[in-house]
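Residue-level structure breakdown
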Amino acid sequence: MKKMSFTERKEVFQKIAQESIPMLKAMPYKAPQLIEGENIYQLLVDQLLIQNCKRPVIITDEVILKLGLLNDLVKCIQAQDMTLGVFSEIESDPSFETIEKGKNFCINHQFDAVIAFGGGSVMDASKVINVAAKQQKDPKEFDGLFKVTEKGYPLACIPTTAGTGSEVTIFAVITDKQVNRKAAIVDVAIVPDYAVLNPKLIIGLPSEISAATGADALTHAIEAYVSLASTNATNTDATKAIELGFEALQKTVSEPDNLFYRRQMLKASYYAGLSFTKAGLGWVHGIAHQLGAIYHIPHGVAIGTVLPSIVQFYIDTIPEKIAHLGRVVGVASIDDSDIVSANKFHTALKQMFLEIGIPSKVKELEEKEISTISIRAIEEVYNTGTTVPKYFKSQEELEELLRTFLDE
C-alpha cells in the first residue's frame, strides 16, 4: 500500500474531525450541580442524604490527609451518623494498580457515594474507582471512548487547585505502567454529580502552582472557544472562563491570600471544563503533552509556554474570534479592527504569562527532538479528530514554530 503524504493524511483527518462535530454537539452531557457558598460541606452532605447515601468514601492523597484539609468535611459527615471511609493512596499520575486498590477499598466499605478531595489526579482516579467498584470490573476495561456505559454512585469533586476542570469533565487519564502509556477514559458516565468549589482550600497555594494551573484553565477555555465544534453554549462558558481568568490569574499569583480572586479562578476552571468537554482542545495540548512526556515539564508550564504562539498562529484564520476575546478582557476597544484587536489580545496574553513566571522558551528543548515532537503532536491532534480551526501546511511548518521555543 502506498504511504500517504502529509497533505493526504491531513485531508483524511480533517474529514474525520469534521464528521466528529455533530457527535460532539449531540453528546448527552449533563453538567454537575455547582455547590458553593457558606456551609459548603453541609450543603454537600445534605445532597448526599437526599439520595440516601450513608456510606461515603473520601478519595484523596497523603499530603492532603496530613495537612488536615479533610477535617471540616469529616466532622460534617460524621455529625450525620454516616459511616465514612477514607482512601488516601492516590499518587500524581495515578496508575491502574492504584485504581484497583481504591476499587477494592470501596467494595469492602460497601460504599454508596464517592467524594474526591484533591487535584486533577485525585479527581481522575475517583471517577474511575467509582465506576469500577460499582460494576466490580477491571478498570482497564474502560480504557478508550465510551466504554463505561453505566454511571457509578453519586460522585462529588472538591478541587484543591484551579486549573484541570476535572470536576466537570468526561475525561480521566490513568497511567498504564505495564506498557508505559497514559490511558484516556472518556465517557459521560464518569461525569461527577457535584462540583464543590471552596476557595479556602487554595489560599496560599505557591505562586508557581497558581500560575501553571491558571494557565491550564485559560488554555482549556481558549482552545474550546476557537474549536470548530464550539456552540453558543460552549462559547458562553468559555468566554466566562476567559474573562474571569484574565482578571484573576495575576492577582492569585501576586496576592495568594486573596479569597475573592481564588474564587474567581475556581469558577474560571469550572466554566473552562464545561466548555472543552464538548468543544474539545487542540494544538496547544497536542504540543504541550509531548514536551511533558519527553522533558517532564509541568503540564501547566508547558501549556502556558505554547499558548501565545498558537493564538498568533490562528489570527489570520479566525481574526474575528480572537478579536472578540481582546474586547472581552478589555485590552481592545470596539473601534479597533479585528486584526488589531486580535493582536492586542495575543500581546496581552503573552505579557501576562511572562509576568506570572511562565517562560516563553523551553530550556530543555533540543533541536534533535523537534522532529519527534512534531510527529507526535500531529498524530495526537489528527488521530483524536480534534476540530482545530487551522492546520499546519506541513510538518516542517510545525517544526519552525517549535524552534521558536529553543532557548538559544
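Right above here is the structure, for reference.
The structure displayed is predicted, hence computed values, not measured ones.

What follows covers the overall build of the chain. When you go through the chain residue by residue, the secondary structure sums to 15 helices and nine strands. If you line up the chain on its principal axes, its C-alpha atoms span 60 × 55 × 40 Å. Here the chain holds 408 residues, and the buried ones make up 58% of them. Of the accessible surface of the chain, which amounts to about 17,500 Å², a share of 51% is contributed by carbon and sulfur atoms. Both charge centroids of the chain, one from 40 positive and one from 51 negative side chains, sit 3 Å from each other.

Strand 4 (residues 113–118) sits mainly inside the fold: six of its six residues count as buried. Two elements, strand 2 (residues 56–59) and strand 4, share four bridges in a ladder whose sense is parallel. Bridged to P56 within strand 4 is A113. Across five bridges, the pairing between strand 4 and strand 6 (residues 155–159) is parallel. Note that in strand 6 the partner of V114 across the bridge is L155.

Now for unusual backbone geometry. Despite not being glycine, N52 has its phi angle at roughly 65°, a positive value. The exposure class assigned to N52 is exposed, which follows from its relative accessible area of 55%. Backbone geometry places Q136, a non-glycine residue, at a positive phi of 50°. One can find Q136 in the loop between helix 6 (120–135) and strand 5 (144–145). Among the residues examined, Q136 registers a relative accessible area of 57% and is labelled exposed.

Before going further, it helps to examine the packing of aromatic side chains. In this structure the tally under the stated criterion is nine aromatic pairs. Ring geometry for F111 and Y153: centres 4.9 Å apart, planes at 85°, overall edge-to-face. Of this pair, F111 sits in the loop between helix 5 (96–109) and strand 4 while Y153 sits in the loop between strand 5 and strand 6, and the two are 42 residues apart along the sequence. Taken together, the ring pairs connect W283, F313, Y314 and F392 into an aromatic cluster.

Among the structural elements, I339 can be located in helix 13 (residues 338–355). Along the chain, I339 and D316 lie 23 residues apart, while their C-alpha atoms are 7.9 Å from each other.

Strand order in the open sheet made by the six strands is 1-9-6-4-2-3, with parallel pairing throughout. Across the chains shown, the open sheet's two edge strands, defined by having one partner strand only, are strand 1 (33–35) and strand 3 (85–87). Taking each pair of neighbouring strands and ignoring which way they run, the sheet shows an average axis angle of 20°. Across the face of the sheet, helix 5 comes into contact with strand 2 and strand 3 while running at roughly 175° to strand 3.

Below, the discussion takes up the environment of K101. Assignment of secondary structure puts K101 in helix 5. A C-alpha to C-alpha distance of 8.5 Å links K101 and E89, two positions twelve residues apart in sequence. With sequence-adjacent residues up to four places away left out, K101 is seen in contact with F87 and E89.

Let us look at the packing of helix 8 (residues 232–254) against helix 13. Closest axis-to-axis distance for the helix 8/helix 13 pair is 10 Å, and the angle between their directions is 25°. Relative to helix 13, helix 8 is oriented roughly parallel. Read as a crossing pair, helix 8 and helix 13 show a hand that is left-handed. Every residue of helix 13 that contacts helix 8 at F246, L249 and Q250 is listed here: F345, A348, L349, M352, F353 and E355.

To continue, consider helix 12 (residues 319–328). Counting buried positions along helix 12 gives seven out of ten residues, so the element sits mostly inside the fold. Those residues of helix 12 not exposed but buried are P319, K321, I322, A323, L325, G326 and V328. At its buried positions, helix 12 is contacted by helix 7 (207–226), helix 8, helix 11 (299–314) and helix 13. G330 sits one or two positions beyond helix 12 and adopts a positive phi of about 85°.

Among the nonpolar cores identified, the biggest contains 78 residues, and W283, L291 and F353 are the most heavily contacted of them. Counting residues in each nonpolar core, the second largest holds 28 residues, with V57, F87, M123 and I190 among its members.

On to the pattern of salt bridges. Opposite charge on two side chains lets them pair, provided their charged atoms get close. Tallied over the entire structure, the rule returns 15 salt bridges. The salt bridge partner of E150 is K134, with a shortest N-O separation of 3.9 Å. With E150 in the loop between strand 5 and strand 6 and K134 in helix 6, this residue pair connects regions lying 16 residues apart in the sequence. Judged by its relative accessible area of 39%, E150 is partly exposed. Overlapping salt bridges bring together E367, E399, E400 and R403 as one network.

For the rest of this paragraph, the subject is the sheet that holds strand 7 (residues 171–176). Strands sit in the order 5-8-7 across an open sheet of three strands; the sheet is mixed. The sheet is open, and its two edges are formed by strand 5 and strand 7, each paired on a single side. In this structure, strand 7 lies alongside strand 8 (residues 181–186), joined through six bridges in antiparallel fashion. By the bridge assignment for strand 8, T175 is matched with K182.

As a further point, take the pairing of strand 8. Pairing of strand 5 with strand 8 involves two bridges; the strand directions are parallel. Bridge pairing in strand 8 links G144 to I185.

Conventions we followed
- Residues numbered from 1 in each chain as written.
- Predicted model: local features only at pLDDT ≥ 70, side-chain atom pairs only at ≥ 80, totals over all residues.
- Heavy atoms only, no water.
- Helix = DSSP H or I, 4+ residues; strand = E, 2+ residues; numbered from the N terminus.
- Buried < 20%, exposed > 50% of the residue type's maximum accessible area, 1.4 Å probe, protein only.
- Areas by Shrake-Rupley, 256 points an atom, 1.4 Å probe, with all protein chains shown as cover.
- Lys, Arg positive; Asp, Glu negative; His and termini not counted.
- Charge placed at Lys NZ, Arg CZ, Asp CG, Glu CD.
- Pairing = 2+ DSSP bridges.
- Phe/Tyr/Trp six-rings, centres within 6.5 Å; stacked < 30°, edge-to-face > 60°.
- Axes fitted to C-alpha atoms, helices over the stretch in contact; angles between N-to-C directions.
- Contact = heavy atoms within 4.5 Å.
- Parallel < 35°, antiparallel > 145°, perpendicular 65-115°, else oblique.
- Left-handed = near helix turned anticlockwise from the far one by under 90°.
- Core = buried A, V, L, I, M, F, W, Y, C linked by side-chain atoms within 4.5 Å.
- Salt bridge = Lys/Arg side-chain N within 4 Å of Asp/Glu carboxyl O.

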